[in-house]
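Residue strings, one per chain:
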Amino acid sequence: MRNNMKRNAGVLAVLLTGLLTASSAVQAGVEKLYILNCGEGVVGDISRWSPGVNEGKSMDFVDNCYLIKHSDGWFLWDTGITDAVATMPDGLKPADPRAVTWKRPKTLASQLEQIGVKPEDIKGMAISHTHPDHIGNVEMFPNTMLYLQKAEYQWPGVDTKPRFKTEHPVTLLEGDKDVFGDGSVTIISTPGHTPGHQSLLVKLPKTGAVILTGDAAHFKDNYENRRVPSNNFSADETVASMQKLADLQKKDNAQLWINHDKAQRDTLKLAPEYYE
Ligand SMILES: [Zn+2]
């Protein structure tokens, strides 16, 4: 009798271990991806992004942030236009009228709150590059590890002031980076728009692979025709980076989500809905 109980307990332990291993294997990696509205803009003259094409024409832009739930913690990609713009009725006007007038119909803070995520819950964050429409809310997360390329961090700003608080924790990269060490979230170095521009490859369990472009291209037509905006840091690097993303897209059978492309984003689900 005692022997039987012992044996049964042993069998049970083996079964439980097996179940736990199986369930943790299923849960590891990326669980969800939310697209957050991080700004809506109107471009004065779109040919600034596509020299010689559509001169003088206006175009609508969107600006996205992406919140990823990984089994090891929350990760935020880009932070958008500063939430302060939400209180400006006419939006944030650019110095150059051909550039973008940005509005903030929803704050990043309110969208995180709706999902039930506090800024301190976000373990890691990365930005595609250091332009204001991508780093507007970095300091909402003062203790979150920020991943960016060393070349971007060291790039002098217009006023030579640091772009982030010097005490903000940073991991400086020199190339691609597998963030969680399991291949599910990979920062892809795509310089050109700025010296240390980067994109993000996310592998979702049901949706599959998705590449978040940052500003490697601003909209589909520019990507497909390899057009380089006039204010980019390096035209050659921009074209090489677009090709790098195209190769990756093919290799991983990935969707390419272009950050500022309104026509594309209109076809996607926004938070609180999410992709699995
Ligand atoms: Zn941008």
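All of these numbers come straight from a predicted model, not from anything done at the bench.

(A) Local environment of the sheet that holds strand S11 (residues 208-212). The strand order across the open sheet built from 5 strands is S8-S9-S10-S11-S12, with neighbouring strands paired in mixed fashion. The sheet is open, and its two borders are formed by strand S8 (177-178) and strand S12 (255-257), each paired with just one other strand. With 2 bridges connecting them, S8 and strand S9 (residues 185-189) associate as antiparallel partners. From the neighbouring strand, Lys177 faces S9, where its bridge partner is Ile187. Across the sheet, helix H6 (residues 235-251) touches S9, strand S10 (198-204), S11 and S12, and the angle it forms with S9 is around 150 degrees.

(B) Geometry of the coordination of the zinc ion. Asp133 (OD), His134 (NE2), Asp215 (OD) and His260 (NE2) make up the full set of protein donors to the zinc ion, lying at 2.1 to 2.2 Å. Relative to the metal, the 4 donor atoms surrounding the zinc ion lie at angles of 88 to 168 degrees, and the coordination shape comes out irregular. One chain supplies every donor for the zinc ion, spaced along it as D-H-x80-D-x44-H. Here the residue Asp133 occupies a position in helix H3 (residues 132-135), and His260 occupies one in the loop between S12 and helix H7 (262-265), the gap between them amounting to 127 residues. Pair check on accessibility: Asp133 and His260 agree, each one buried.

(C) Layout of unusual backbone geometry. In this structure, Pro272 follows Ala271 across a cis peptide bond, with omega equal to 10 degrees. Secondary-structure assignment places Pro272 in the segment after H7. In this structure, Arg226 takes a positive phi of about 55 degrees despite not being glycine. As for its placement among the helices and strands, Arg226 is situated in the loop between helix H5 (220-224) and H6. Residue Arg226 is classed as partly exposed on the basis of its relative accessible area of 25%. Phi angles above zero are rare outside glycine, and Asn253 is one such case at about 50 degrees. Looking at the secondary structure, you find Asn253 in the loop between H6 and S12.

Cut-offs used in this document
Residues numbered from 1 in each chain as written. Predicted model: local features only at pLDDT ≥ 70, side-chain atom pairs only at ≥ 80, totals over all residues. Heavy atoms only, no water. Pairing = 2+ DSSP bridges. Helix = DSSP H or I, 4+ residues; strand = E, 2+ residues; numbered from the N terminus. Contact = heavy atoms within 4.5 Å. Axes fitted to C-alpha atoms, helices over the stretch in contact; angles between N-to-C directions. Donors = N, O, S within 2.8 Å, 3.2 Å for Na, K, Ca; no water. Tetrahedral: all angles 85-135°; square planar, octahedral: opposite > 155°, others 65-115°. Buried < 20%, exposed > 50% of the residue type's maximum accessible area, 1.4 Å probe, protein only.

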